[in-house]
Amino acid sequence: MNDALTAEVLRNALVVTAEEASVVVVRSAYSTFIVEGSDASAAVLDVRGRLIAQSMATTLMNSMALKVALPFLLADHPPGTMAPGDAYVMNDAYRGGVHTNDLLVYRPVFVEGEPAYLTATMIHVSDLGGLSAGGMAPLATDIFLEGLQLPPVRLATAEGIVPAVEAILRANSRTPDKVMGDVRALLAGTAVAAARLSCLVTEYGAAGLAEGIDAYLDYTEARTRAALAELPRGRFTASYPIDDDGIHPGRPHIVRVTVTLPTHGTEAPHPVTGQSRVRGTAERGDTERGESGGGGGAPAGAPVVVDFEGTGPQVPAAINSSASQSMAAAVFAVRCFLDPTIPMNDGCLRAIDVRLPVGSLLNATPPHPCGGRFVPIYAAMEAVFQALSEAVPERAIAASGILQPFSIAAVGAPYWIHLSYDFGGVGARRGLDGPDATGVHFGIGRNSVPQAEPVETRCPMIVESVETIPDSGGPGTFRGGLGSRTVLRFLAPCHVTTRGDRLSLAPQGREGGLPGRLGGFYRRHQDGTLERLPSKANNVRFEKGEAFVVETTGGGGLGPPLSRDRALVEADLRAGLITEQGARRDYGLVIPAASPAHPGRS
């Protein structure tokens, strides 16, 4: 693989292999959230446990789960016991998984008669039991309340899906036909990727493909280390709060991080006993198992260390995370300060050392629930952002509003389920306003928010409006992104479940910038009055004619608001991003009395 052009063709072929698998899953799935939101992930890995490639739309939180869970699968089902046509499924949060509704499916790819690679897909299936339809369970106090747990089991053989496994999945779902449709979509995605990978083996030869993959991972590692070497040396600390755990309203929890950018060429410090590392994590996230592999051509030297020592302890509430998800948050946050063209694969992970205290909010142990994992991992991501904003102030970003998940379901059989989330505004960045209603995220699919027409067709509701909220972005020299407001009016009784955060503690601005406006979940009664719901609520009954209102939180501003360019303030006013009152109050803009008011954008 010395030919640079050939190497580049192979790199892209590997990514396209994973990408095609994710597209097949989306087009084959039954659940609305996948079909309309395109929330599907796929990856190519090898029997050494290395992440070789992921689909372009894949979220890092999903591909990291596929990587971290693989050693557990191989421990229970060694490669020598696998046969062509086999496929495996698991969702164990404590062994690399995410939460009970996220199914990870793997298919071995045989080379010269032996399993050499695995293709993998993952989606959030419609329902696998638990307190609430759709897998939300925001008030779960242990994982058993979140739904069915699956250790690594053989899902299919060359003869088809294993009947006993299908029976178990059906018996534990409110929507068994949709779940099995989703499972078949996952299997189809792995089959397509396996076929494409087999073609690459034929084209390049077994040795040639292996050599090319080693070179690809080494290339990625070299680029990652080179980008890290451009950052200033030192230790940078930060923390970020979680509103509450849903069980004890008003009691915040804290995620803390220390990011160490070591001097070039120094040895990496040995991790503290009982902490996790991204590199080679394999057993419940609490033991170090060395490097994740690769050729010998990549540069040596200490990785960046992202240490979450001091983070709050795990709690019997749905605000804990599995290790794979916390690792993904840390890696994503670091990558946001690097060259965005660097590929995401095992080579990148060799240069980033993530340490997660076992038994903390970021590395839960049984039986602590993990379904609300996005709450602590987004706090972890924000903490890393703020630490690196101190290290690299020219790339600083203020805190952001985040996604606000919710589910809506029938009150009884036959069940219909609508699972969705809306996004907050992104914090302002150095020299740039924050994007509106997109959230700083790494946990969504291509579209993520289903379109109104399909939702109205599949569920008894009307999407009355989707709009941004004027003045919700934190004022600053650079303004935070706006939050959004969505109104869903129901045509039948239903249960609404919410799992939000940053709805009590506003995302803070930086360097004189102001916080973003807080969002919330609301019931709109038929007389038009609004009732605020808890940010974490389970199965709140709504009657026909009532509406559910979702308001998301705006991002924080950066720099003093009075330093904002007057032309930008006036442009925001004309575009409806701020109101006249906000322009006067926050930016000191003098507006003639005859100037018209401007509504929010829709």
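A closer look at the sheet that holds strand S12 (residues 404-409)
Turning to step 1, where the next piece is worked out: Pairing in this open sheet of four strands is antiparallel, and the strands run S13-S12-S16-S19 from one edge to the other. Each edge of the open sheet carries a strand with a single partner, namely strand S13 (417-422) and strand S19 (536-542). This sheet shows a mean twist of 15° between the axes of neighbouring strands, independent of strand direction.
Turning to step 2, where the next piece is worked out: Judged from the five bridges that link them, strand S16 (residues 494-499) and S19 form a sheet pairing that is antiparallel. Bridge pairing in S19 places Cys 494 opposite Phe 542.

With respect to the pattern of salt bridges
Turning to step 1, where the next piece is worked out: With the rule as written, the count across this model stands at 40 salt bridges.
Turning to step 2, where the next piece is worked out: The partner of Asp 244 in a salt bridge is Lys 536, with the nearest N and O atoms 3.4 Å apart. Within this pair, whereas Asp 244 is found in the loop between strand S8 (234-242) and strand S9 (253-261), its partner Lys 536 is found in strand S19, the two being separated by 292 residues in sequence. Taken as a pair, Asp 244 and Lys 536 share a single burial class, namely buried.
Turning to step 3, where the next piece is worked out: Residues Arg 564 and Asp 433 are paired through a salt bridge, measuring 2.8 Å at the closest nitrogen-oxygen approach. Taken as a pair, Arg 564 in the loop between strand S20 (547-551) and helix H11 (566-575) and Asp 433 in the loop between S13 and helix H10 (452-458) lie far apart in primary sequence, 131 residues in all.
Turning to step 4, where the next piece is worked out: Residue Arg 564 is classed as buried on the basis of its relative accessible area of 5%.
Turning to step 5, where the next piece is worked out: One connected set of salt bridges, linked through shared partners, spans Asp 433, Asp 436, Arg 479, Arg 564 and Asp 572.

Some points on the confidence of the model for the protein chain
Turning to step 1, where the next piece is worked out: Across the protein chain, pLDDT averages 89, with 89% of residues at or above 70.
Turning to step 2, where the next piece is worked out: Predicted confidence for residues 266-298 stays below pLDDT 50, and this span has 89 contacts to residues more than four positions away or in other chains.

Digging into helix H9 (residues 374-391)
Turning to step 1, where the next piece is worked out: Here H9 is 18 residues long and its end C-alpha atoms lie 25 Å apart, about the 26 Å a rise of 1.5 Å per residue gives.
Turning to step 2, where the next piece is worked out: For H9, a buried count of 17 out of 18 residues is recorded, marking the element as mostly surrounded by other parts of the structure.

A closer look at the packing of helix H5 (residues 176-204) against helix H6 (residues 206-229)
Turning to step 1, where the next piece is worked out: Where H5 contacts H6, the two axes come as close as 6 Å, and the packing angle between them is 105°. Considering the angle they form, H5 stands roughly perpendicular to H6. Taking contact as the criterion, the partners of Leu 200, Val 201 and Tyr 204 in H5 are, on H6, Ala 206, Gly 208 and Leu 209.
Turning to step 2, where the next piece is worked out: Looking at the contact of H5 with H6 residue by residue, the classes come out as five nonpolar, one polar and no charged.

Observations regarding the environment of Ala 83
Turning to step 1, where the next piece is worked out: Within the secondary structure layout, Ala 83 lies in the loop between helix H3 (60-76) and strand S3 (87-90).
Turning to step 2, where the next piece is worked out: Judged by relative accessible area, Ala 83 falls into the partly exposed class, the value being 31%.
Turning to step 3, where the next piece is worked out: Excluding its chain neighbours within four sequence positions, the residues that come into contact with Ala 83 are Pro 108 and Phe 110.

What to know about the pairing of S12
Turning to step 1, where the next piece is worked out: The element S12 is extensively covered by neighbouring structure, given that six of its six residues are classed as buried.
Turning to step 2, where the next piece is worked out: The two faces of S12 match: Gln 404, Phe 406 and Ile 408 on one face and Pro 405, Ser 407 and Ala 409 on the other face are all buried.
Turning to step 3, where the next piece is worked out: Pairing analysis gives six bridges linking S12 to S13, with the strands arranged antiparallel. The partner of Phe 406 across the bridge, within S13, is Ser 420.
Turning to step 4, where the next piece is worked out: Pairing geometry for S12 and S16, over four bridges, is antiparallel. Looking across to S16, one finds that Phe 406 is bridged to Thr 498.

Looking at the nonpolar core
Turning to step 1, where the next piece is worked out: In terms of nonpolar packing, the biggest core is built from 82 residues, with Tyr 106, Val 257, Val 306, Phe 308, Val 334 and Val 384 touching the most fellow members.
Turning to step 2, where the next piece is worked out: Of all the elements, H9 adds the most residues to this core, at 13 residues.
Turning to step 3, where the next piece is worked out: For Val 306, the residues in contact, after removing those within four places along its chain, are Val 257, Thr 258, Val 259, Ala 330, Val 334, Ile 352, Asp 353, Val 354, Arg 355 and Val 384.
Turning to step 4, where the next piece is worked out: If you look at the next biggest cluster of nonpolar residues, it comprises 25 residues, including Ala 29, Leu 103, Ile 123 and Ile 161.

A closer look at the packing of aromatic side chains
Turning to step 1, where the next piece is worked out: On inspection of all chains with the given rule, the structure shows seven aromatic pairs.
Turning to step 2, where the next piece is worked out: Ring geometry for Phe 337 against Phe 385: centres 6.3 Å apart, planes inclined by 50°, an arrangement best described as tilted. Separated by 48 residues along the polypeptide, Phe 337 in the loop between helix H7 (323-335) and helix H8 (346-349) and Phe 385 in helix H9 bring together distant segments of the chain. The pair formed by Phe 337 and Phe 385 is uniform in burial state, with each residue classed as buried.
Turning to step 3, where the next piece is worked out: Seen from their ring centres, Phe 374 and Tyr 378 are 6.1 Å apart, and the 80° between their planes marks the pair as edge-to-face. One end of the pair, Phe 374, and the other, Tyr 378, are both in helix H9, four residues apart, so they sit about a helical turn from each other.
Turning to step 4, where the next piece is worked out: The class of Tyr 378 is buried, set by a relative accessible area of 1%.
Turning to step 5, where the next piece is worked out: Taken together, the ring pairs connect Phe 406, Phe 490, Phe 521, Phe 542 and Phe 548 into an aromatic cluster.

Considerations on the side chain of His 77
Turning to step 1, where the next piece is worked out: Assignment of secondary structure puts His 77 in the loop between H3 and S3.
Turning to step 2, where the next piece is worked out: A distance of 2.9 Å separates the side chain of His 77 from the backbone oxygen of Pro 152, its partner in a polar contact.

A closer look at the side chain of Glu 221
Turning to step 1, where the next piece is worked out: Note on placement: Glu 221 falls in helix H6.
Turning to step 2, where the next piece is worked out: A distance of 2.9 Å separates a polar atom in the side chain of Glu 221 from a polar atom in the side chain of Arg 225.

A few points about the packing of helix H4 (residues 163-171) against H5
Turning to step 1, where the next piece is worked out: Closest axis-to-axis distance for the H4/H5 pair is 8 Å, and the angle between their directions is 135°. With respect to each other, H4 and H5 are oriented oblique. By crossing handedness, the relation of H4 to H5 is classed as right-handed. Every residue of H5 that contacts H4 at Glu 166, Leu 169 and Arg 170 is listed here: Pro 176, Asp 177, Met 180, Val 183 and Arg 184.

The rules behind each value
Per chain, residue numbering runs from 1 following the sequence as it is written. Two thresholds apply to this predicted model, a pLDDT of at least 70 for residue-level local features and 80 or more for giving and counting side-chain atom pairs, whereas whole-chain, interface and lining totals are computed over all residues. Values reported for side chains reflect all heavy atoms of the structure, with hydrogen atoms and water molecules removed beforehand. Two strands pair if DSSP finds at least two bridges between them. What counts as a helix is a DSSP run of H or I of at least four residues, what counts as a strand is a run of E of at least two, and both are numbered from the N terminus. Interaxial angles span 0 to 180 degrees and are taken between N-to-C directions of axes, which are lines fitted to C-alpha atoms, for helices over the stretch in contact. What makes a salt bridge here is a side-chain nitrogen of Lys or Arg within 4 Å of a carboxyl oxygen of Asp or Glu, nothing more. Relative accessibility decides the category of a residue: with a 1.4 Å probe and only protein chains considered, values under 20% of the type maximum give buried, values over 50% give exposed, and everything between is partly exposed. A residue's pLDDT is simply how confident the predictor is in it, with values from 0 to 100. Note on contacts: a residue pair qualifies if any of its non-hydrogen atoms lie within 4.5 Å across the two residues. The span you would expect from a helix comes to 1.5 Å times its residue count less one. For classification purposes, angles smaller than 35 degrees are called roughly parallel, those larger than 145 roughly antiparallel, those between 65 and 115 roughly perpendicular, and all remaining angles oblique. For this scheme, ten residues count as nonpolar: Ala, Val, Leu, Ile, Met, Phe, Trp, Tyr, Cys and Pro. Four count as charged, namely Asp, Glu, Lys and Arg, and the remainder, Gly too, count as polar. Grouping buried Ala, Val, Leu, Ile, Met, Phe, Trp, Tyr and Cys residues that are joined through side-chain atoms within 4.5 Å yields what is termed a nonpolar core. When two rings of Phe, Tyr or Trp (its six-membered ring) have centres within 6.5 Å they constitute a pair, described as stacked for plane angles under 30 degrees, edge-to-face for angles over 60, and tilted for the intermediate range. Throughout this description, a polar contact denotes any pair of N or O atoms lying within 3.5 Å of each other; where both atoms belong to protein, one of them has to be capable of donating a hydrogen while the other can accept it, and for residues adjacent in sequence the pair is counted only when both atoms sit in side chains. Helix crossings are classified by the rotation of the near helix relative to the far one: an anticlockwise turn of less than a right angle makes the crossing left-handed, while a clockwise turn makes it right-handed.

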